[in-house]
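Tertiary structure, described
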Amino acid sequence: MLDPKMEKQLNQQVAEEMYSSNLYLDMAMHYANVGLDGFAHWLRVQATEERDHALKITDYISQQGSRAVIGALAEPKAKYDSNKVIFEQVLHHEQHISKCIHQLVDLAISLKDHATQAFLQWFVTEQVEEEEQAGKILNLLKIAGEHGPGLISMDRYLASRAAE
Ligand code: OFO
């Protein structure tokens, strides 16, 4: 059984992951609308991953004999001024998620909840990868530019992302 504080914060993280999923899905819809199908594909895969992250946490909460909750979600808010602006938001959002995960680890440590600490290590490692991926795409976008052959190459590159 989880400490009520741990249960509450894990459920908040479920909402964070579900919000991430909707945010990336909304970005995917933007790209589908402007005809950059590779960008749309990459973000759809990311949205699915985020939902999987949420379910990984709900499964853990249930496994611990506590009640997982799917709460109300805010409407995703993103700015679509340019590709650079969009992927800056992806990176900033992942940095925010990393902070949330680290706060969860801090709470697990303070509660001497070794099981939750061990469970959260997967997320700590995953966030390093997520920030790296978003940062790489942002750098490539700065090189490729917002239009022309560079952007088309980027679109092809992002289309090659395998669904996990
Ligand atoms: Fe993109 O991060 Fe989930 O955890």
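Our structure's up above, just so we're on the same page.
Just so it is clear, the structure is predicted and the values come from calculations on it, not from any experiment. (Residues numbered from 1 in each chain as written. Predicted model: local features only at pLDDT ≥ 70, side-chain atom pairs only at ≥ 80, totals over all residues. Heavy atoms only, no water.)

**Some details on a nonpolar patch on the surface**
Taken together, the side chains of Leu140, Ile143 and Tyr157 make up a nonpolar region of the molecular surface, amounting to roughly 330 Å² of accessible area. Relative to the helices and strands, leucine 140 resides in helix H4 (residues 114-144). (Patch = residues over 30% accessible without salt bridge, like charges linked within 9 Å, V, L, I, M, F, W, Y side chains within 5 Å. Areas by Shrake-Rupley, 256 points an atom, 1.4 Å probe, with all protein chains shown as cover. Salt bridge = Lys/Arg side-chain N within 4 Å of Asp/Glu carboxyl O. Helix = DSSP H or I, 4+ residues; strand = E, 2+ residues; numbered from the N terminus.)

**Considering the packing of aromatic side chains**
Taken as a whole and judged by the stated rule, the model has 6 aromatic pairs. Here the aromatic cluster, defined as three or more aromatic residues joined through ring pairs, consists of Tyr31, Phe39, Trp42 and Phe87. The ring of tryptophan 122 is capped by lysine 56, whose NZ or CZ atom sits 4.2 Å from the centre of that ring. Seen from the ring of tryptophan 42, arginine 161 lies directly overhead, with NZ or CZ sitting 4.5 Å from the centre. (Phe/Tyr/Trp six-rings, centres within 6.5 Å; stacked < 30°, edge-to-face > 60°. Lys NZ or Arg CZ within 6 Å of the ring centre and 35° of its normal.)

**Let's talk about helix H1 (residues 4-34)**
For H1, with 31 residues, the first-to-last C-alpha span of 46 Å sits near the 45 Å given by 1.5 Å per residue. The backbone nitrogen of lysine 5 has a side-chain oxygen 2.8 Å away, supplied by the residue at the start of H1, namely aspartate 3. (Expected span 1.5 Å × (residues − 1). Polar contact = N/O pair within 3.5 Å; in protein donor to acceptor, adjacent residues only side chain to side chain.)

**Concerning helix H3 (residues 83-110)**
With 28 residues, H3 should cover 40 Å at 1.5 Å per step; its first-to-last C-alpha distance of 41 Å lies within 8% of that length. Just beyond H3, the residue with positive phi is lysine 112, at close to 55 degrees.

**Quick look at the environment of alanine 144**
Within the secondary structure layout, alanine 144 lies in helix H4. Separated by 20 residues in the primary sequence, alanine 144 and glutamate 164 place their C-alpha atoms 26 Å from one another. Residues contacting alanine 144, with those up to four places away along its chain left out, are Gly150, Leu151 and Met154. (Contact = heavy atoms within 4.5 Å.)

Don't take any of this as a statement about function, it's just geometry.
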